[in-house]
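Here's the letter readout for the chains.
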Amino acid sequence: MRRVQVDERPFELRTVALAAFGPTLLFATGEGAIIPMIPLIAADQGANLGVLGLIAAMLMVGELVGDVPSGVLVHRLGERTAMIGAAVVSVLGLLGCYFSTSPWMLGASVFVVGLATAVFALARHAFITTTVPLRYRARALSVLGGLFRAGYFIGPFLSALVLLLTPDERAVFLLHIAFAAATVVLLLCTKDLGTAEADNTEHGHQGLVGTLVRHRAVLLRMGTCAALIGGLRASRMVVLPLVAVAAGLPPSTTAVIIGVAGGIDFALSYTSGQIMDRFGRIWAAVPSMVGLAAGHFLLFAVTDVPTFAAVAVLLALANGTSSGILMTLGADLAPQPGPAPFLGAWRFTADFGQAVGPLTISGMTALLGVGLAGAGMGALGLLGAGLLLRYVPRYTVIEPKKA
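Residues numbered from 1 in each chain as written. Predicted model: local features only at pLDDT ≥ 70, side-chain atom pairs only at ≥ 80, totals over all residues. Heavy atoms only, no water.

**Notes on the overall build of the protein chain**
Summing up its helical and strand segments, the protein chain has 16 helices and zero strands in all. For the protein chain, buried positions account for 54% of its 403 residues. Accessible surface for the protein chain amounts to roughly 16,400 Å². Of this, 71% is attributable to carbon and sulfur atoms. (Helix = DSSP H or I, 4+ residues; strand = E, 2+ residues; numbered from the N terminus. Buried < 20%, exposed > 50% of the residue type's maximum accessible area, 1.4 Å probe, protein only. Areas by Shrake-Rupley, 256 points an atom, 1.4 Å probe, with all protein chains shown as cover.)

Rendered as structure tokens:
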């Protein structure tokens, strides 16, 4: 059982806006701009359907692999330096995407962008963990998660605008380069966040494997919860288009409903943080998993536009009310000082779930149909809710306090 003493320092969220929130929105917007275009560009370069899926997955694979060294890098370099370095590396990967002449060169370059994204995400997570007092932590991390979603929402519209101005689809990579460059400029305009350590400590040299061994008990239990949360969240993004196709819904209507659901998801970001800070982490985590499970169970009932809209909104409400939950739980569990190595291991477990979730739902759909696949994921969601109900109070004994 881990007890955390509440930090009573006065704090306002705007004090971290320039250092964390601004760079996050810029970087996420650039990434959101390229994600929808990667499969299209790969197809233009001759990739078949199987290769298209592989190339599209390279971003997530890169993030998963990038979690391995990111904790040690951030711990040694400090958050600002790590974020600047990640933005620069992403530019190199994006240049590789822009000048790619084959699907394999494109996939390798997208993988590099994923590596950089992992380091950037870990650095901003560690910064909030070490800078924001505990009583405001969930709200800060929920806003951070909400800005990431906002970037993913805005990015595709900017891609569409770019394509109106030029016939070259690869120009979207230049757009992300511009956002990455703006991120570097903004970070250079902030003072050094200065939490890097000389790092002669034992845990500083362990890396991911050593951290996994050192914290194996909490990572086995809470890490399983994180993987299930990540898997259910990622699954919903794959299963909604699948069930719409199975029900024969018009593509334009499907896109509008998913877009509206995304807006609801984003609008609840700050509410999620308020719930966690005021009432406790479990009041956001468990209801969210139950809601995600229920939404997956109800997929079999989707036969028309109203039922599809109802399920999409339910999944959005469930996901939105847990915005920032994974980052918050990781921050609560991380040792102080020097949380970055642990956070790298924590993010690895969550990203593993996000990588496996879509593959699971796709495979189950191919074998059993979308209704039974949804039921299988719903069962995993209920399992996750039960594990959260048991282990969150055990490992994060934090007294909620109104702020």
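**A short note on the pattern of salt bridges**
One pass over the structure, following the stated rule, counts seven salt bridges. Note that Asp 332 is salt-bridged to Arg 137, the shortest N-O span being 2.7 Å. Note that Asp 332 is positioned in helix 14 (residues 325–333) and Arg 137 in helix 6 (residues 134–165), a separation of 195 residues in sequence. As far as burial versus exposure is concerned, Asp 332 and Arg 137 are alike and both buried. Here Asp 265 ties to Arg 236 by a salt bridge, and the two come within 2.9 Å at their closest N and O atoms. Placement of Asp 265 in helix 10 (residues 251–267) and of Arg 236 in helix 9 (residues 216–246) is noted, with a sequence separation of 29 residues between them. Residues Asp 265 and Arg 236 agree in their burial class; the two are buried. When salt bridges that share partners are traced, they join Arg 137, Arg 139, Asp 277, Arg 281 and Asp 332 into one network. (Salt bridge = Lys/Arg side-chain N within 4 Å of Asp/Glu carboxyl O.)

**A look at the environment of Val 61**
Mapped onto the elements of the fold, Val 61 is located in helix 3 (residues 49–77). Taking the relative accessible area as the measure of exposure, Val 61 reaches 32% and is therefore partly exposed.

**Here's the deal with the environment of Gly 353**
Within the element layout of this structure, Gly 353 appears in helix 15 (residues 340–368). On the basis of relative accessibility, which here comes to 6%, the residue Gly 353 falls in the buried class. When the C-alpha positions of Gly 353 and Leu 228 are compared, they lie 6.0 Å apart, and in sequence the two are 125 residues distant. Contacts of Gly 353, omitting those with residues within four sequence positions, involve Ala 227, Gly 230 and Gly 231. (Contact = heavy atoms within 4.5 Å.)

**Focus: the side chain of Asp 351**
Looking at the element boundaries, Asp 351 is found in helix 15. The side chain of Asp 351 is buried and forms no salt bridge, while Arg 347, the nearest opposite charge, is found at 4.9 Å. (Lys, Arg positive; Asp, Glu negative; His and termini not counted.)

**Brief notes about the nonpolar core**
Counting 66 residues, the largest nonpolar core has Val 74, Met 222, Met 289, Phe 308, Phe 342, Trp 346 and Leu 388 as its most contacted members. Examining the composition of this core, we find that twelve residues originate from one element, helix 9, more than from any other. For Trp 346, the residues in contact, after removing those within four places along its chain, are Leu 219, Met 222, Gly 223, Ala 226, Leu 326, Leu 329, Gly 330 and Leu 333. Judged by nonpolar contacts, the second largest core, of 22 residues, contains Ile 41, Ala 47, Val 113 and Phe 173. (Core = buried A, V, L, I, M, F, W, Y, C linked by side-chain atoms within 4.5 Å.)

**Thoughts on helix 11 (residues 269–279)**
Residues three or four positions apart in an α-helix share a direction because the helix packs 3.6 residues into each turn. For helix 11, the set of buried residues is Ser 269, Ser 272, Gly 273, Met 276 and Asp 277. Angular distribution of buried residues about the axis of helix 11 spans 120°; they occupy a single face of the element. Buried residues in helix 11 make contact with helix 6, helix 10, helix 12 (282–297), helix 13 (305–320) and helix 14. (Arc of directions from axis to C-beta.)

**Let's talk about the packing of helix 9 against helix 14**
Their axes nearest at 11 Å, the elements helix 9 and helix 14 cross at an angle of 170°. It follows that helix 9 is roughly antiparallel to helix 14 by the angle criterion. Between helix 9 and helix 14, the contacting residues are Val 218, Met 222, Ala 226, Ile 229, Gly 230 and Arg 233 on the first element and Ile 325, Leu 326, Leu 329 and Leu 333 on the second. (Axes fitted to C-alpha atoms, helices over the stretch in contact; angles between N-to-C directions. Parallel < 35°, antiparallel > 145°, perpendicular 65-115°, else oblique.)

**Side note on the packing of aromatic side chains**
Throughout the structure, instances matching the rule amount to five aromatic pairs. Judged by centre distance (4.3 Å) and plane angle (10°), the ring pair of Phe 27 and Phe 120 falls under stacked. With Phe 27 in helix 1 (residues 17–34) and Phe 120 in helix 5 (residues 103–131), the pair connects residues that are 93 residues apart, well separated along the chain. The buried category is assigned to Phe 27, whose relative accessible area is 2%. Residue Phe 120 is classed as buried on the basis of its relative accessible area, which comes to 1%. Consider the rings of Phe 153 and Phe 157, whose centres lie 5.5 Å apart with planes at 65°: the pair is edge-to-face. Of the two residues, Phe 153 and Phe 157 both sit in helix 6, four residues apart, roughly one turn of that helix. A relative accessible area of 55% means that Phe 157 is categorised as exposed. The positively charged end of Arg 170 is found above the aromatic ring belonging to Tyr 98, 5.1 Å away from the centroid. (Phe/Tyr/Trp six-rings, centres within 6.5 Å; stacked < 30°, edge-to-face > 60°. Lys NZ or Arg CZ within 6 Å of the ring centre and 35° of its normal.)

Any functional reading would require information that these geometric values do not contain.
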